[in-house]
Amino acid sequence: MNDQAKQRYEEAEAKLWAHYGGEPKSYFLQLEKPRMRLRVQEVGEGPPLLFLHGTPNAGATWAPLALNLTDYRCILIDLPGCGLSEPFEYETVDVAGMVVEMMEAIVSALEIEKVSIVASSSGSAFAYWYALANPQAVARIVHLGAPAQVEGAPVDLFTRLMMVPYLNRLLLRVMPTSIDGVKNIYSQIGHGPAIEDGRIPEAYLDWTCHLLADTETMQHTMKMGELVLNWRGYRPEFMISVAELSRLSQPMQYIWSENDSFGGAMLAKQTAAASPNSELHLLPGSGHLPWLDAQGEVLDLMRDFLRPVHTGQEDENQLLVNLI
């Protein structure tokens, strides 16, 4: 990313935060093992909430939630290769092992003993891997939209094509990064009604344009996808199995669209039922990123679920399975 592209992206990001009424503290974490430089944004004070976005995305996607959860220390990471974080050569490592190592290094660098996680899409896979390896370090997990890589998750044809080496480079050259192109991308993952009635503001759409055009986020997403996917779907070694989900004892909340393009109500119920201490909220008429369609409802559900962490009255033996 050259200096001009970086400046354009930072300006669009600042306008996004301003639209939602705030400005984060921004800094970089230099991790030694694995060696990487990650961009971090923070707002609020209180119990730590670590936000893990999906792809192609970046930490600022969480601005409409984080600025309304100011009773928490909201920590928004640009994951490797996304936003302003430096890329990482995933193809040279065991991906799940590297993710766990990265998460451990992030939590250590931020001096957090126990963290709650808010995750979306491929960020949910990262959250699962970390919680499986470090169950004592995770208080609660909120999954917004269908988590990537869970057993039974479908992969649409376009996504499969985007992960085919060389073909995806050709597709990238013709991918539109205009406002209209971004609107089409969001419509494809279920956000058409929210775009039409203005629930997704121009500042968010413009930020997405610059994320795709001025950073290496999409290129990184393709490289990562080439590892995790093939033309059939997710490679088996990267799937989060039902057996693994059953080992997750942390309280877990799923806020999921009934018609999520990455797996609808049936997959939602299967995934939540496999997680022994979970609650599921199915939202009608929402897309893959439900906080863009139903910000108020998502915030209310999250606050209720996270309240025990905020009050310090966490009950680790609580069993709650709510299939709504």
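Right above here is the structure, for reference.
Every value quoted in this text rests on a predicted model; they were computed, and no experiment measured them.

*Asks:* Quick question: what am I supposed to make of helix α8 (residues 202-214) here?
*Replies:* Count 3.6 residues to each turn of an α-helix, and residues three or four apart come out pointing the same way. With 13 residues, α8 extends 18 Å from end C-alpha to end C-alpha; this agrees with the ideal 18 Å at 1.5 Å per step. Counting buried residues along α8, 10 of its 13 residues qualify, which places the element largely inside the surrounding structure. Those residues of α8 lying buried are Ala203, Tyr204, Leu205, Trp207, Thr208, Cys209, His210, Leu211, Leu212 and Asp214. Check the buried side of α8 and you find it contacts α1 (3-19), α7 (179-196) and α9 (217-228).

*Asks:* Explain the pattern of salt bridges to me, please; I cannot follow it from the model alone.
*Replies:* A side chain of one charge can pair with a side chain of the opposite charge if their charged atoms are brought near each other. According to the stated counting rule, one finds 12 salt bridges in the structure shown. Close ionic contact of arginine 8 with aspartate 214 constitutes a salt bridge, the shortest N to O distance being 3.0 Å. Of this pair, arginine 8 sits in helix α1 while aspartate 214 sits in helix α8; the two residues are 206 residues apart in sequence, bridging distant segments of the chain. Of the charged contacts, one joins glutamate 91 and lysine 223 as a salt bridge, the two residues approaching to 3.9 Å between their closest N and O atoms. Residue glutamate 91 is located in the loop between β4 (73-78) and α3 (95-109), and its partner lysine 223 is located in helix α9; the two are separated by 132 residues in the primary sequence. Lysine 223 sits in the partly exposed class, given a relative accessible area of 31%. Each of Glu13, Arg39 and Asp78 takes part in salt bridges that share partners, so that together they form one network.

*Asks:* Help me out: how do you make sense of the packing of α7 against α8 in this one?
*Replies:* In a packed pair of helices, the relevant descriptors are the angle between the two axes and the axis-to-axis distance. Two elements in contact, α7 and α8, have axes whose closest approach is 9 Å; the angle formed by their N-to-C orientations is 100 degrees. Judged by the angle between their axes, α7 and α8 are roughly perpendicular. In this structure, α7 uses Ile179, Val182, Lys183, Ile185 and Tyr186 to contact α8, whose residues at the interface are Glu202, Tyr204, Leu205, Asp206, Thr208, Cys209 and Leu212. For the contact of α7 with α8, the per-class residue count stands at 8 nonpolar, 1 polar and 3 charged.

*Asks:* Would you mind showing me how to read the layout of surface pockets here?
*Replies:* The gaps left among the atoms become clear once a water-sized probe is rolled over them. There is about 200 Å³ of room inside the second largest pocket. If you go around the second largest pocket, you meet 13 residues; those closest to its centre are Met1, Gly83, Leu84, Ser85 and Glu86. Its residues assigned to classes, the lining of the second largest pocket comprises 4 nonpolar, 4 polar and 5 charged.

*Asks:* What am I meant to see in helix α12 (residues 295-311) here?
*Replies:* Between the first and last C-alpha of α12 there are 23 Å, a value that for 17 residues agrees with the 24 Å anticipated at 1.5 Å per step. Phenylalanine 305 marks the point of greatest bend in α12, at about 45 degrees, and the proline proline 308 comes within the next four residues. Regarding α12, the residues found buried are Val298, Leu299, Leu301, Met302, Phe305, Leu306, Pro308 and Val309. In this structure, the buried residues of α12 make contact with β3 (48-52), α2 (63-66), β5 (115-119), β6 (138-144), β9 (252-257) and β10 (278-283). Once α12 finishes, glycine 312 follows within two positions and takes phi at roughly 75 degrees, a positive value.

Rules behind the numbers
Residues numbered from 1 in each chain as written. Predicted model: local features only at pLDDT ≥ 70, side-chain atom pairs only at ≥ 80, totals over all residues. Heavy atoms only, no water. Helix = DSSP H or I, 4+ residues; strand = E, 2+ residues; numbered from the N terminus. Expected span 1.5 Å × (residues − 1). Buried < 20%, exposed > 50% of the residue type's maximum accessible area, 1.4 Å probe, protein only. Contact = heavy atoms within 4.5 Å. Salt bridge = Lys/Arg side-chain N within 4 Å of Asp/Glu carboxyl O. Axes fitted to C-alpha atoms, helices over the stretch in contact; angles between N-to-C directions. Parallel < 35°, antiparallel > 145°, perpendicular 65-115°, else oblique. Nonpolar A, V, L, I, M, F, W, Y, C, P; charged D, E, K, R; others polar. 1 Å grid on protein atoms, 1.4 Å probe; cavity = no way out; pocket = protein on both sides within 12 Å on 5 of 7 lines; lining within 4 Å. Points joined across faces, edges and corners; volume = space filled by probe spheres on them. Bend = angle between axes of the 7 residues up to and from the residue.

Any functional reading would require information beyond the geometric quantities listed.
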